[in-house]
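Residue-level structure breakdown
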Amino acid sequence: MAQAKAIGVLERIGRAVAAGMSELGFGAVLLGQALMWTLMGRARRQPVRLSAVVKEATDIGIRAIPIVTIMSGTIGIMLAIQGIYSLRIFGAESKVTLGVALSIVREFGPLITGILVAGRSGSALAARLGTMKISQEIDALTVMGINPVRFLVAPPLLAALVMIPALTLYADFIGLLAAGLYISVELGQTLAAYGFDVVDAVQVPDLLHGLGKSVLFALLIVLVGVINGISVTGGAEGVGRMTTRSVVHAISAIIITDMVFVFVTTR
Amino acid sequence: MAEPAATRRPPTAAELEGIPLDEREAVIEVENLVTHYGDRKILKDVSLAVRQGEILVIMGGSGSGKSTLLNHLLGLLKPTSGTIRMLGKDITRISEREYTEIRKKLGVAFQGGALFSSMNLLDNIMLPLYEHTDLDRTTMEIMARMKMEVVSLSGFDRLMPAELSGGMIKRAALARAIVMDPRILFCDEPSAGLDPVVAAAIDDLILSLRAATGMSVVVVTHELESAFKIADRICVLDKGAVLTIASVPEVKANPDPRIQNLLNRRTEEEVLDPEEYLRRLTGESQS
């Protein structure tokens, strides 16, 4: 009896691992196909339309500006408060700019942007593709001779690869500005002096560190959204289930990838 | 050497007139098609042919395999074995790129319309032209509006799919299916869920399209009245096997009880093996 139970548990673990590997493989194929259509689409008389990429870029990037502004500004102020509190123990409040600037550019800028875009656009992509699948719109594309990866996956992927790093830079700026305003009020430092400290503290490799992560996050958000959207079964309930799954998976993947990236590049 | 069917100019309706069905060239030939979902055999050695200018109706009860067969014809599923020759090419063996070229000569009207919810009606109908031709937008709009006129949807360019009635969705799906002037039109349950008047109008539309263009039409339906009205021949499927492919009078006269049950809307009495019955009760036998 106990043996049968153990085998049952092992079987479930095995199936989950196999399903995970299958999704990873599917993601790799999707990425390869999307890049292939981007590069070769014109030669095959099925180009990835610029208008579709611009539309996606507007959804992913421009429409996210208000929420990214609020969140990155809030985090900037929060980091400044915590930084001053911690450093006051050693009487080193004046060094707060170094910690805040590096934390925002290397970590919080890309992370908060990734999480926000995953919540907004990754879930919307999963829901849209899921709805299209159950209403046979994806089948309709296929039978019209329109490759669904070229039509539905390549535009958001290209848009995310451009807009998420751009949003990350914007989040860095807003976070640093908000932190600077707080620090200037709290410590009586001028905003100009704070600006010079930031420029001294943040080097090009720090910026590239944050941007590199944001590119990886862009890939993860789109691929996780597409995989979950395409996997929808069971009508409206299935769409809801896979949309939730998409957000959870994308945010988890972002945080884990962030840790691995930091581990590999920082130690 | 004869030119491949896929590239040859299709005969017009006038050229086909007077030529018996059996003497016309086949645009679709299915031979010994077998397919499985897991361990279950869904299609069992299905063979059929669709001729130029013919309307073939595929009929059968729920679970008879007609939707699976249609999905195979559309290249959405790969069979376990067998061949499907579409406009002279075996679509089970050609590359996706070759099949894309054939797909440009097919039109498909899905059961639920499958209109893109983010596009208005005109953009939906224009999409195949936009993707497959180099025409300028004005020309594409004119061509799309001509098809909208054919299906009596003139003036509804800017409506979104969510604003359309069931009958309008079916007609819009037909307009999109014919916008590239296909050689073969596939219609999945074209009159299902519509009131009798609108359903009859859809049937008339399919007949008039065939008469005007000479295209071949494959219709999957379980609506008897519609099938009898439009079909040149009917293919009756039961449990994944073809029971008959014949003209409407021949199908009506067929003594096979399974066909008569379908035509007379009678449920088939199931002869159940006691052991199988026991397995079902205990949940050991799951379909």
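Residues numbered from 1 in each chain as written. Chains lettered and ligands numbered in written order. Predicted model: local features only at pLDDT ≥ 70, side-chain atom pairs only at ≥ 80, totals over all residues.

In the annotation of an unreviewed UniProt entry, chain B is listed under the name Phospholipid/cholesterol/gamma-HCH transport system ATP-binding protein and assigned to Caenispirillum bisanense.

Under an unreviewed UniProt entry, the name given to chain A is Phospholipid/cholesterol/gamma-HCH transport system permease protein, and the organism recorded is Caenispirillum bisanense.

Structural notes on the overall build of chain A
Each helix and strand counted, chain A has nine helices and zero strands in total. Reading the helices (α) and strands (β) of chain A from amino to carboxyl end gives α-α-α-α-α-α-α-α-α. Considered along the principal axes of its C-alpha atoms, chain A spans approximately 65 × 60 × 35 Å. When burial is assessed residue by residue, chain A has 44% of its 267 residues classed as buried. Summarising the internal contacts of chain A: among those between residues at least 6 apart in sequence, 85% fall at separations of at least 24. (Helix = DSSP H or I, 4+ residues; strand = E, 2+ residues; numbered from the N terminus. Buried ≥ 20, exposed ≤ 12 C-beta atoms within 10 Å, placed from the backbone. Contact = placed C-beta atoms within 7 Å.)

A short note on the overall build of chain B
The number of helices and strands found in chain B is 11 helices and 10 strands. The C-alpha radius of gyration computed for chain B amounts to 20 Å, which stays within 12% of the reference 19 Å derived for 287 residues, consistent with globular compactness. Each principal axis of the C-alpha atoms in chain B carries an extent, and together these give about 70 × 50 × 35 Å. Out of the 287 residues belonging to chain B, those deemed buried represent 41%. (Rg over C-alpha atoms; globule rule 2.2 N^0.38 Å.)

As for the pairing of strand 3 (residues 55-60) of chain B
Residue and element names in this part refer to chain B. Taken across its six residues, strand 3 has six buried, putting it largely inside the fold. Side chains of strand 3 alternate between two faces, with Ile55, Val57 and Met59 and Leu56, Ile58 and Gly60 buried alike. Pairing between strand 3 and strand 8 (residues 216-220): four bridges, direction parallel. Counterpart to Leu56 in the pairing with strand 8 is Val218. As judged from the five bridges shared by strand 3 and strand 9 (residues 233-238), these two strands associate in the parallel manner. Of the residues in strand 9, the one forming a bridge with Ile58 is Cys235. (Pairing = 2+ DSSP bridges.)

What to know about the UniProt feature "domain: ABC transporter" (unreviewed entry) in chain B
UniProt marks residues 28-264 of chain B with the feature "domain: ABC transporter" (unreviewed entry), using the numbering shown here. Structurally, residues 28-264 of chain B comprises 39% helix and 26% strand, and the distance from its first C-alpha atom to its last is 30 Å. (UniProt positions renumbered as here; feature names shortened; annotations may be inferred.)

Examining the UniProt feature "transmembrane region" (unreviewed entry) in chain A
All names here are of chain A. When the UniProt feature table is mapped to this numbering, "transmembrane region" (unreviewed entry) covers residues 21-40, 60-81, 157-183, 215-235 and 247-266. Along residues 21-40 the backbone is 100% helical and 0% strand, and the end-to-end C-alpha distance reaches 28 Å. Counted over residues 215-235, helix gives 81% and strand 0%. Its end C-alpha atoms are 33 Å apart.

Side note on helix 2 (residues 50-60) of chain A
Residues and elements named next belong to chain A. Restricting attention to buried positions, one finds in helix 2 the residues Val53, Glu56, Ala57 and Ile60. An end-on view of helix 2 places all buried positions within 105° of arc, on one side of the element. On its buried face, helix 2 sits against helix 4 (96-134) and helix 6 (148-187). (Arc of directions from axis to C-beta.)

With respect to the packing of helix 3 (residues 65-88) of chain A against helix 4 of chain A
Residue and element names in this part refer to chain A. For the pair helix 3 and helix 4, interaxial distance at closest approach is 10 Å and the crossing angle is 145°. Read as a crossing pair, helix 3 and helix 4 show a hand that is right-handed. Where helix 3 approaches helix 4, its residues Ile67, Val68, Met71, Ser72, Ile75, Gly76, Leu79, Ala80, Gly83, Ile84 and Leu87 are matched on the opposing element by Val96, Gly99, Val100, Ser103, Ile104, Phe108, Gly109, Ile112, Thr113 and Leu116. A class-by-class count of the residues in the contact of helix 3 with helix 4 yields 14 nonpolar, seven polar and no charged. (Axes fitted to C-alpha atoms, helices over the stretch in contact; angles between N-to-C directions. Left-handed = near helix turned anticlockwise from the far one by under 90°. Nonpolar A, V, L, I, M, F, W, Y, C, P; charged D, E, K, R; others polar.)

Some words on helix 9 (residues 235-266) of chain A
The α-helix winds at 3.6 residues per turn, so residues separated by three or four positions along the chain end up facing the same way. Residues and elements named next belong to chain A. Its 32 residues place the ends of helix 9 45 Å apart at the C-alpha level, agreeing with the 46 Å of an ideal helix rising 1.5 Å per residue. For helix 9, every residue scored as buried is listed here: Val239, Met242, Thr243, Ser246, Val247, His249, Ala250, Ile251, Ala253 and Ile254. In this structure, the buried side of helix 9 is in contact with helix 4 and helix 8 (204-230). (Expected span 1.5 Å × (residues − 1).)

A closer look at the packing of helix 4 of chain A against helix 8 of chain A
All names here are of chain A. Orientation of helix 4 relative to helix 8, taken along the N-to-C sense of each, is 15°, at an axis distance of 8 Å. Accordingly, the angle class assigned to the pair helix 4 and helix 8 is roughly parallel. Where helix 4 crosses over helix 8, the two elements pack in a sense that is right-handed. Grouping the amino acids of the contact of helix 4 with helix 8 by side-chain chemistry returns 15 nonpolar, 12 polar and five charged. (Parallel < 35°, antiparallel > 145°, perpendicular 65-115°, else oblique.)

Observations concerning the sheet that holds strand 7 (residues 184-188) of chain B
All names here are of chain B. With respect to topology, six strands assemble into an open sheet ordered 6-7-8-3-9-10, the strand pairing being mixed. Looking at the sheet topology across the chains shown, the edges are occupied by strand 6 (106-109) and strand 10 (241-246). Within this sheet the neighbouring strands show an average axis-to-axis angle of 15°, counted without direction. Packed on one face of the sheet, helix 2 (residues 66-73) meets strand 3, strand 7, strand 8 and strand 9 and runs near 145° to strand 8.

Digging into the environment of Asn261(B)
The topology assignment puts Asn261(B) in helix 10 (residues 257-263). Each C-alpha atom of the pair Asn261(B) and Gly61(B) lies 9.9 Å from the other, and the pair is 200 residues apart in sequence.

Focus: the sheet that holds strand 5 (residues 89-90) of chain B
All names here are of chain B. Strands sit in the order 2-1-4-5 across an open sheet of four strands; the sheet is antiparallel. Single-partner strands in this sheet number two, and they are strand 2 (40-51) and strand 5. Both strand 1 (residues 26-37) and strand 4 (residues 81-86) contribute to a ladder of five bridges, which runs antiparallel. When the bridges of strand 4 are listed, Val34 appears paired with Ser81.

Side note on the environment of Asp59(A)
Within the fold, Asp59(A) resides in helix 2. Sequence separation between Asp59(A) and Pro156(A) is 97 residues, and the spatial gap between their C-alpha atoms is 9.3 Å.

Digging into the nonpolar core
The biggest cluster of nonpolar side chains holds 152 residues, and the ones touching the most others in it are Ile221(A), Val57(B) and Phe186(B). For this core, the element with the highest residue contribution is helix 6 of chain A, accounting for 19 residues. Look past the residues within four positions of Ile221(A) in its chain and what remains in contact with it is Gly114(A), Val117(A), Ala118(A), Ser121(A), Gly122(A), Ala160(A) and Ala250(A). (Core = buried A, V, L, I, M, F, W, Y, C linked by C-beta atoms within 7 Å.)

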